[in-house]
Number of protein chains: 4
Amino acid sequence: MMKLIITKDYQEMSELAVQLLMSYMMKEYPTNLAITAGTTPERLYEILVPYVKDHGQFANINYFNFDEVPYKGTDSYGVTMSNLNRMFFHPANIPAKQIHVLDEKNYKEHDEYIEKMGGLDLIMLGLGKDGHFCGNLPGTTKFGDLTSAVPISVRPDMYDIILDEVGYQVDKVPDFYVTMGPKSVMRAKNILMIVSGTHKAEILKQVIEGPVDEHVPSSLLMLHPFITVIADKDAASLLTAK
Amino acid sequence: MMKLIITKDYQEMSELAVQLLMSYMMKEYPTNLAITAGTTPERLYEILVPYVKDHGQFANINYFNFDEVPYKGTDSYGVTMSNLNRMFFHPANIPAKQIHVLDEKNYKEHDEYIEKMGGLDLIMLGLGKDGHFCGNLPGTTKFGDLTSAVPISVRPDMYDIILDEVGYQVDKVPDFYVTMGPKSVMRAKNILMIVSGTHKAEILKQVIEGPVDEHVPSSLLMLHPFITVIADKDAASLLTAK
Amino acid sequence: MMKLIITKDYQEMSELAVQLLMSYMMKEYPTNLAITAGTTPERLYEILVPYVKDHGQFANINYFNFDEVPYKGTDSYGVTMSNLNRMFFHPANIPAKQIHVLDEKNYKEHDEYIEKMGGLDLIMLGLGKDGHFCGNLPGTTKFGDLTSAVPISVRPDMYDIILDEVGYQVDKVPDFYVTMGPKSVMRAKNILMIVSGTHKAEILKQVIEGPVDEHVPSSLLMLHPFITVIADKDAASLLTAK
Amino acid sequence: MMKLIITKDYQEMSELAVQLLMSYMMKEYPTNLAITAGTTPERLYEILVPYVKDHGQFANINYFNFDEVPYKGTDSYGVTMSNLNRMFFHPANIPAKQIHVLDEKNYKEHDEYIEKMGGLDLIMLGLGKDGHFCGNLPGTTKFGDLTSAVPISVRPDMYDIILDEVGYQVDKVPDFYVTMGPKSVMRAKNILMIVSGTHKAEILKQVIEGPVDEHVPSSLLMLHPFITVIADKDAASLLTAK
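Every value quoted in this text rests on a predicted model; they were computed, and no experiment measured them.

Rules and cut-offs
- Residues numbered from 1 in each chain as written.
- Chains lettered and ligands numbered in written order.
- Predicted model: local features only at pLDDT ≥ 70, side-chain atom pairs only at ≥ 80, totals over all residues.
- Heavy atoms only, no water.
- Helix = DSSP H or I, 4+ residues; strand = E, 2+ residues; numbered from the N terminus.
- Rg over C-alpha atoms; globule rule 2.2 N^0.38 Å.
- Buried < 20%, exposed > 50% of the residue type's maximum accessible area, 1.4 Å probe, protein only.
- Contact = heavy atoms within 4.5 Å.
- Areas by Shrake-Rupley, 256 points an atom, 1.4 Å probe, with all protein chains shown as cover.
- Lys, Arg positive; Asp, Glu negative; His and termini not counted.
- Charge placed at Lys NZ, Arg CZ, Asp CG, Glu CD.
- Core = buried A, V, L, I, M, F, W, Y, C linked by side-chain atoms within 4.5 Å.
- Phe/Tyr/Trp six-rings, centres within 6.5 Å; stacked < 30°, edge-to-face > 60°.
- Lys NZ or Arg CZ within 6 Å of the ring centre and 35° of its normal.
- Salt bridge = Lys/Arg side-chain N within 4 Å of Asp/Glu carboxyl O.
- Least-squares fit on C-alpha atoms with pLDDT ≥ 70 in both.
- Arc of directions from axis to C-beta.
- Pairing = 2+ DSSP bridges.
- Buried area = accessible area lost by both parts, 1.4 Å probe.
- Nonpolar A, V, L, I, M, F, W, Y, C, P; charged D, E, K, R; others polar.
- Polar contact = N/O pair within 3.5 Å; in protein donor to acceptor, adjacent residues only side chain to side chain.
- Axes fitted to C-alpha atoms, helices over the stretch in contact; angles between N-to-C directions.
- Parallel < 35°, antiparallel > 145°, perpendicular 65-115°, else oblique.
- Left-handed = near helix turned anticlockwise from the far one by under 90°.

Colleague: Can you walk me through the overall build of chain A in this structure?
Modeller: Each helix and strand counted, chain A has seven helices and ten strands in total. Relative to its length of 242 residues, chain A is compact, with a C-alpha radius of gyration of 17 Å against a globular reference of 18 Å. C-alpha extents for chain A along the principal axes are approximately 45 × 45 × 30 Å. Expressed as a percentage of the 242 residues in chain A, the buried residues total 62%. Contacts in chain A between residues at least 24 apart in sequence constitute 81% of all its contacts with a sequence separation of at least 6. A total accessible area of about 9,200 Å² is found for chain A, and carbon and sulfur atoms account for 52% of it. Here chain A contributes 22 positively and 31 negatively charged side chains, and the mean placements of these two sets differ by 4 Å.

Colleague: Help me understand the nonpolar core in this model?
Modeller: Note that soluble globular proteins tend to have their nonpolar side chains buried in a common cluster. With 79 residues, the main nonpolar core has Ile123, Leu125 and Leu221 of chain C together with Ile123, Leu125 and Leu221 of chain D as its most contacted residues. Among the nonpolar cores identified, the runner-up in size contains 78 residues, and Tyr107, Leu127, Met186 and Val216 of chain B belong to it.

Colleague: Which parts of the structure should I look at to understand the side chain of Thr40 of chain D?
Modeller: Here Thr40 of chain D shows up in the loop between β2 (31-34) and α2 (42-52). Apart from residues lying up to four places away in sequence, Thr40 of chain D is in contact with Tyr10, Met13, Ile194, Val195, Ser196 and Lys200 of chain D.

Colleague: Is there a simple way to think about the packing of aromatic side chains in this case?
Modeller: By convention here, two paired aromatic rings are described through the distance between centres and the angle between planes. If you walk through the whole model with that rule in mind, you get 26 aromatic pairs over all chains. With centroids separated by 5.5 Å and ring planes inclined at 65°, the aromatic side chains of Tyr63 of chain B and Phe89 of chain B adopt a geometry described as edge-to-face. Placement of Tyr63 of chain B in strand β3 (residues 61-64) and of Phe89 of chain B in helix α3 (residues 79-89) is noted, with a sequence separation of 26 residues between them. Summarising the burial analysis for this pair, Tyr63 of chain B and Phe89 of chain B share the class buried. An aromatic cluster of at least three residues, connected via ring pairs, comprises Tyr45, Tyr63, Phe88 and Phe89 of chain A. Just above the ring of Tyr29 of chain B sits the side chain of Lys189 of chain D; from NZ or CZ to the centre is 4.7 Å.

Colleague: Looking at this model, I keep getting lost on the side chain of Arg187 of chain C. Mind explaining?
Modeller: Residue placement: Arg187 of chain C occurs in the loop between α6 (182-186) and β9 (191-195). Put simply, Arg187 of chain C is tucked away with no salt bridge, and the nearest opposite charge, on Asp111 of chain C, sits 4.5 Å away. Those residues in contact with Arg187 of chain C that sit more than four places away from it in its chain are Tyr29 of chain A, Asp111 and Leu146 of chain C together with Met1 and Pro225 of chain D.

Colleague: Would you take a moment to explain the relation of the copies chain A and chain D for this structure?
Modeller: A rotation about some axis, followed by a shift along it, carries one copy of the chain onto the other. Turning chain A through 180° and shifting it by 0.0 Å along the axis lays it on chain D, with an RMSD of 0.0 Å. Those values place the two copies in the arrangement expected of a two-fold rotation axis. Closest approach to the rotation axis among the C-alpha atoms of chain A is made by Gln19 of chain A, whose C-alpha sits 2.2 Å away.

Colleague: Sorry, what's going on with helix α5 (residues 158-165) of chain B here?
Modeller: Note that an α-helix has 3.6 residues per turn; residues three or four places apart therefore point the same way. All names here are of chain B. Of all the residues in α5, the buried ones are Met158, Ile162 and Leu163. Within α5, the buried residues cover an arc of 135° as seen down the axis, which keeps them to one side. For α5, the secondary structure elements touched by its buried residues are β8 (176-179). Looking at the residues trailing α5, positive phi occurs at Gly167, about 70°.

Colleague: Looking at this structure, how should I read the sheet that holds strand β9 (residues 191-195) of chain B?
Modeller: Adjacent strands of a sheet pair through backbone hydrogen bonds, lying either parallel or antiparallel. An order of β1-β10-β9-β6-β2-β3-β5 (chain B) is seen for the seven strands of this open sheet, with the pairing classed as parallel. Two strands close off the open sheet at either side, each with one partner strand: β1 (3-7) and β5 (99-100) of chain B.

Colleague: For this particular structure, what's the right way to read the interface of chain A and chain C?
Modeller: Often, the extent of an interface is quoted as the loss of accessible area upon association of its parts. Listed per partner, the contact involves eight residues of chain A and eight residues of chain C. Interface area, chain A with chain C, both sides summed: about 600 Å², of which 62% is carbon and sulfur. Counting the surface chain A buries against chain C, the share from its top three residues, Tyr29, Pro30 and Glu115 of chain A, is 63%. Looking at the side of chain A that touches chain C, its residues break down into two nonpolar, two polar and four charged.

Colleague: So what exactly am I meant to see when it comes to the pattern of salt bridges here?
Modeller: Close approach of charged atoms allows side chains of opposite charge to pair. Following the criterion strictly, the structure yields 36 salt bridges over all chains and no others. In this structure, Glu112 of chain C engages Lys116 of chain C in a salt bridge whose closest nitrogen and oxygen atoms are separated by 3.4 Å. Taken as a pair, Glu112 of chain C and Lys116 of chain C lie in helix α4 (residues 110-116) at a separation of four residues, close to a single helical turn. The exposure class of Lys116 of chain C is exposed, given its relative accessible area of 64%. Notably, a salt bridge pairs Glu209 of chain D with Lys205 of chain D, separated by 2.7 Å at the nearest N-O pair. Of the two residues, Glu209 of chain D and Lys205 of chain D are both situated in helix α7 (residues 201-209); the distance of four residues between them amounts to about one turn of the helix. It is possible to trace a salt-bridge network through shared partners that takes in Asp103, Glu104 and Lys105 of chain A.

Colleague: What should I look at first to understand the interface of chain A and chain D in this one?
Modeller: Between chain A and chain D, the residue contacts involve 28 residues of the former and 28 residues of the latter. Between chain A and chain D lies a buried interface of about 2,300 Å² when both sides are counted; carbon and sulfur atoms form 55% of it. When residues of chain A are sorted by the area they lose upon contact with chain D, Gln19, Met26 and Gln57 of chain A head the list and together hold 29% of the total. On the surface where chain A and chain D come into contact, there are zero salt bridges. Here chain A and chain D share six residue pairs in polar contact (both at pLDDT 80 or more) between them. Per-element tally for the side of chain A that touches chain D: the top contributor is helix α1 (residues 10-25) of chain A, with nine residues. For the side of chain A that touches chain D, the per-class residue count stands at 17 nonpolar, six polar and five charged.

Colleague: Got a minute to help me understand the pairing of strand β7 (residues 148-151) of chain C in this structure?
Modeller: A regular strand places its side chains on the two faces of the sheet in alternate fashion. As defined by bridge partners, β7 of chain C adjoins strand β8 (residues 176-179) of chain C across four bridges and the pair is classed as antiparallel. Across the sheet, residue Ala149 of chain C finds its bridge partner in β8 of chain C, namely Val178 of chain C.

Colleague: How should the sheet that holds strand β8 (residues 176-179) of chain D be read in this particular structure?
Modeller: Taken in spatial order, the three strands of this open sheet run β4-β8-β7 (chain D), and their pairing is antiparallel. Unpaired on one side and paired on the other, β4 (67-68) and β7 (148-151) of chain D mark the two borders of the sheet.

Colleague: What is the right way to look at unusual backbone geometry in this model?
Modeller: Glycine aside, a negative phi is what most residues show, and trans is what most peptide bonds show. Residues and elements named next belong to chain C. Its identity is not glycine, yet Asp54 carries a phi of approximately 55°, on the positive side. Position of Asp54 among the secondary structure elements: in the loop between α2 (42-52) and β3 (61-64). With phi around 55°, Asn93 is a residue other than glycine that occupies positive phi space. Looking at the element boundaries, Asn93 is found in the loop between α3 (79-89) and β5 (99-100). Exposure remark for Asn93: the relative accessible area of 42% places this residue in the partly exposed category.

Colleague: Before we go on, may I ask you to explain the environment of Pro50 of chain A in this structure?
Modeller: Relative to the assigned elements, Pro50 of chain A resides in helix α2 (residues 42-52). Note: C-alpha distance between Pro50 of chain A and Ala92 of chain A (42 residues apart in sequence) is 7.0 Å.

Colleague: Help me understand the environment of Asp54 of chain D in this model?
Modeller: All names here are of chain D. Asp54 gets classed as exposed once you look at its relative accessible area, which sits at 54%. C-alpha of Asp54 to C-alpha of Asn93: the two residues are 39 residues apart in sequence and 6.0 Å apart in space. Contacts of Asp54, omitting those with residues within four sequence positions, involve Ala92 and Asn93. One polar contact links Asp54 to Asn93, side chain to side chain, over a distance of 2.8 Å.

Colleague: Please clarify how the packing of helix α1 (residues 10-25) of chain D against α2 of chain D should be interpreted in this entry.
Modeller: For any two helices packed against each other, one specifies the crossing angle of their axes together with the interaxial distance. All names here are of chain D. At a closest axis distance of 8 Å, the pairing of α1 and α2 adopts a crossing angle of 40°. On the basis of their axis angle, the class for α1 and α2 is oblique. When you trace α1 past α2, the crossing you get is right-handed. On the side of α1, the interface is formed by Tyr10, Gln11, Ser14, Glu15, Ala17, Val18, Leu21, Met22 and Met25, while α2 contributes Glu42, Arg43, Leu44, Ile47, Leu48, Tyr51 and Val52. Grouping the amino acids of the contact of α1 with α2 by side-chain chemistry returns eleven nonpolar, two polar and three charged.

Here it is, written out as structure tokens:
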């Protein structure tokens, strides 16, 4: 069942998330972690890096990204991998062979690839203000979707969202982005959701206390048997039962 | 992720379900199993009884029913517990202290009770022709519902359904029945769904290959990270990928 | 902790072992099983074969043997693999890619190989009249040994034991056999020990109720946190606490 | 299998141990932790306390001590519980109902008590310079021992050891102390061993690289399938393979 942990602030939220991640790092057998980019985990990665950097004893970990916005017309990493590289993979010197990239070319094989690897042991993700997780924005995917491509035409406002993602480079806006779907994410053996800030308070209340509804994609995740939500006091401020 | 196992017939479906159940019986620590009444598991319980009967070494198991239709105006067991008693608890001589009854009096505390017991290790359930599981018929509960009471007035045809359940004793039709909700069932650490017969083929196809939709309640369960579906060839006959 | 299950006879012992094995077969992700040859599992494999034969849905299973007596001067399978082929792999049509052979050529890499595969999920083994498991006869290996080669010269009577193993073909007696050691076996996540017959009653009593002692190698396994012993009534007849 | 993690110093060893402990704190269901007193975990508890103090969300945790040296002629807590109270239970305001005390009066029921509670999820322990863990000093217990009383007369030098434990109060030296035995500790689902300092380097080498031998009690623990050893660089300085 969902385990909710409320921390006093963003720093403590980041510390507890690191503790949970580190418990996976210390496992004796190959372990598969899908991790999030975005702004919520920034402090978390700062704390995590020194523990993991050049640490051969954590070589069992396979890292995965769970969505990607490709830069159109380039062969370089997309938005998500660029951010993960900047925040975590590069400063922590994670060897390339431990990083399993999801991108616009291989997304159709992604679910089967993960299955053959033994499944994700943990997926760590954030919560969007609109209730999205990974690239599952309201109106873009269905609860039953696996990893798939979402065309920019899916919603009238998606062009602006993606334009923002690619740093307002008009010629780099792709025709679609890729994301693990709700069904893919629910397959993970454990889920960690991190939430911070008063601007997330309303959506967190809806996700935890409202109905399970495709218009609030993250509401589904609350039904995962092994999900931990770590929210700081600000994000949790509107919850009825704390 | 969902693991689908197709057996050659009803007998083999029953045998594989017994094998899975027995693996829980053999665990060294207290183990919590919620089990189903109905017609699908009849053969299964016949096979199971001799293994479990008077078997002190399986005393670690706590049994739970997951729904109940009370007989109005009586203090006796309801429809579900009566059937479980007849098919399994009585022939297997399961001591009363191992049986944890959900009924119309205690249903409000049921989810918390299970939580304090450490959660359900396994829930075994069938699939209704309308896509229901436990007492979650289309239009009666929402994906986000915990254990709750469903009034007979919830659907125009519910009176007839319940009248059939209580053996056409008009004066025994209750005002409501109780059931673990979708959210309660998804909290189980493992789910086993058993399905048999050509009359289940169409709904099984919809549950496995169709959208996740509250009108087909069991479609949600396919998103549980640890669900096994054992279906005989007849029930699986319409599936695209086998 | 050790879970002891006493069955009424050899047939029931075999059935319960099959139930436990089948629960691993039904897992959704790659699963690693090391299984035993010898006479105790003969009935067990007879029961198991029809469930597994040509069953593509159990293709996730990786099988391992845990010891081998090579036939000297030949390139063919040794005694253990020959017996496993005869009793299980051949009648069940297990594809070669699912069988991971330990032999006199690769034994030095065996422990690391298993580690990279994610560890053994289950090792099923029997109990020798002298307290041995796998090829760990008293006086041949130490509790701290990993997979290793045991020279025939290790004990004066070993030549006769191995001569018997190779079917009294004097020219086929090898200079050494190979076996997973106590340390290798204890690394398995779960252990299943099967024991049958009055001729095993005395050693089973010693293993379960006597001291943990290298002269009774199997006594160590009783300290594994997840070991199940399935013994028939005859084998369990001398136990104090049943 | 044993997972060895070497940290740069005592501070990092303490931090990693806290991370592992905290991952258990965050579990959704009742969780059983046996924890160590002694000097090695002092820094660890300092780091842990602010995370746990008055934290109602970690109310699922049951704490256990694993040995006790009673003060003769008093009814107060013994040496171990006094130290755990001072270092952790009191500063963290752990409610009494979460603390399950092992002492000289209840030790005979301790193993069965833990079994009924569902087993220990984790036991965290240190390594003595003589290779002991808990109260299992060389020559005092056997590998097959459960929780038991060790008479002071067991070894000629035990009186001095215990006199030191009770703060050189001659009249407080008890006739015996109690300890979970090797067999009890091996039943834990996970073991965490913490080791710090150059004065532990020689024994750690022996424990990890030497034979499994009752004269070095901790050598047995290396055979637990789920043991993590966190050692600082000083303690690990003599290890061959790092």
